[in-house]
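Observations on chain architecture
Each chain, letter by letter, is given below.
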Amino acid sequence: MPELPEAETIVRGLRPTIVGQFVRRAEVLREDILREPRANFARKLRGRTVTRVDRRGKNVLIGLDNDAVLAVNLGMTGRLLSFPSAPRGPSPAGHPAVRFHFRGGGVLIFDDTRRFGTVECLTASEWAERSDRMGPEPLAATYSSRDLYSALGTSRSPVRSWLLDQRRIAGIGNIYANEALYLAGVHPRTQARQLTHPEAVRLHRSIRRVLRNAIRAGGTTIRDYRTATGEEGQYARRLFVYGREEKPCAKCRTPIERIVFGSRSAFYCPGCQPAPPGR
DNA sequence: AGTGTATCCTGCAGGC
DNA sequence: TGCCTGCAGGATACAC
């Protein structure tokens, strides 16, 4: 999906355009995006005012004036597109699932080709419970390499799979997991518990560097991802390994390899990320 | 506690 | 041109 940098970019684009807006109507075009009947959902939204837009992991959070939270998970192809006035002519969204109509004519569209995304209207405590089950925010000022090292703990899971587990660390998906491991010089198949302290320090630094740089570039557009204003993210050109099978490594020219485990592709440089011992 | 597999969907690229 | 297969930024549930 949209991972942390894409969600963050969307949040930053949305914040100035929808905070303070009054919801006249939530129009649900694809009910399977919700986790409740559309009438329920629409009733909870009608007449509310947006008070804040935030992010937790890969989720976009739209806070309402009764402390309810609209939690949007973008899945693989979800988009949140904001329009100052109702778009005319051919729909700018190819697969609109939910349209939020604001007083004054503004429209927020959740568009999702594959419909793996979800839009849920949760109470503050329902959201808190959900958030508590998620791992720490890797970009939090207080998130340290010691936190990462101790969390890796005794897990026998390959570190690439470990990084994708939102209960362990929030916001990392397949693109940035692979990029961070490359920059840290750690093979994606290394067991989490096998990382040395220096490797964990490098991984911590790489994760934060990759995520920050991707945010600065507005995220990675492979195909579907767009910012809240419909722009493409520019980080794709800066990827070192993701999607670059057989292309030369930028550092050592060894061809990048693709392996599959955990039913996802992992990309790495055999020269810069030596195979873990015992394999 | 792990891994592999399937599932939810649609669209696109590549091979023939 | 058309058909078929495989693959995709996610998340979950299941059997083993």
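What this report covers is the structure whose coordinates are included nearby. Fair warning: this is a prediction, and the values are worked out from it, not measured in the lab.

Observations regarding the nonpolar core
- With 37 residues, the main nonpolar core has Leu-152, Val-159, Leu-163, Leu-203 and Ile-207 as its most contacted residues.
- When contributions to this core are tallied by element, the ones reaching two or more residues are helix H4 (145-152), helix H5 (159-164), helix H6 (174-184) and helix H7 (197-216).
- Counting residues per element, this core draws most heavily on H6, which supplies eight residues.
- When sequence neighbours within four positions are dropped, the list of residues in contact with Leu-152 reads Val-159, Trp-162, Ala-192, Arg-193, Leu-195 and Ala-200.
- Within the second largest apolar cluster, 32 residues are counted, among which are Phe-41, Ile-62, Phe-100 and Phe-110.

A look at the side chain of Arg-56
- You can see Arg-56 is positioned in strand S2 (residues 50-56).
- Polar contacts involving the side chain of Arg-56 include one to the main-chain carbonyl oxygen of Gly-135, which spans 3.0 Å.
- Setting aside anything within four residues of it in sequence, one finds Arg-56 in contact with Leu-61, Trp-127, Ser-131, Met-134, Gly-135, Pro-136, Glu-137 and Ala-170.

Concerning the sheet that holds strand S3 (residues 59-64)
- In space, the four strands of this open sheet follow the order S2-S3-S4-S8, with antiparallel pairing throughout. The sheet is open, and its two borders are formed by S2 and strand S8 (118-122), each paired with just one other strand. Here the strands of the sheet are splayed against their neighbours by 20 degrees on average, with no regard to which way each runs.
- Bridge count between strand S4 (residues 69-73) and S8: five bridges; the pairing is antiparallel. Looking at the pairing, Val-69 lines up with Leu-122 of S8.
- On the sheet, helix H2 (residues 38-45) packs against S3, S4 and S8 and is oriented at approximately 55 degrees with respect to S8.
- Strands S2, S3, S4 and S8 of the sheet are contacted by helix H3 (residues 124-132), whose axis makes an angle of about 125 degrees with S8.

How each quantity is defined
- Residues numbered from 1 in each chain as written.
- Chains lettered and ligands numbered in written order.
- Predicted model: local features only at pLDDT ≥ 70, side-chain atom pairs only at ≥ 80, totals over all residues.
- Heavy atoms only, no water.
- Core = buried A, V, L, I, M, F, W, Y, C linked by side-chain atoms within 4.5 Å.
- Buried < 20%, exposed > 50% of the residue type's maximum accessible area, 1.4 Å probe, protein only.
- Helix = DSSP H or I, 4+ residues; strand = E, 2+ residues; numbered from the N terminus.
- Contact = heavy atoms within 4.5 Å.
- Polar contact = N/O pair within 3.5 Å; in protein donor to acceptor, adjacent residues only side chain to side chain.
- Pairing = 2+ DSSP bridges.
- Axes fitted to C-alpha atoms, helices over the stretch in contact; angles between N-to-C directions.

As far as function goes, none of this settles anything; it's purely spatial.
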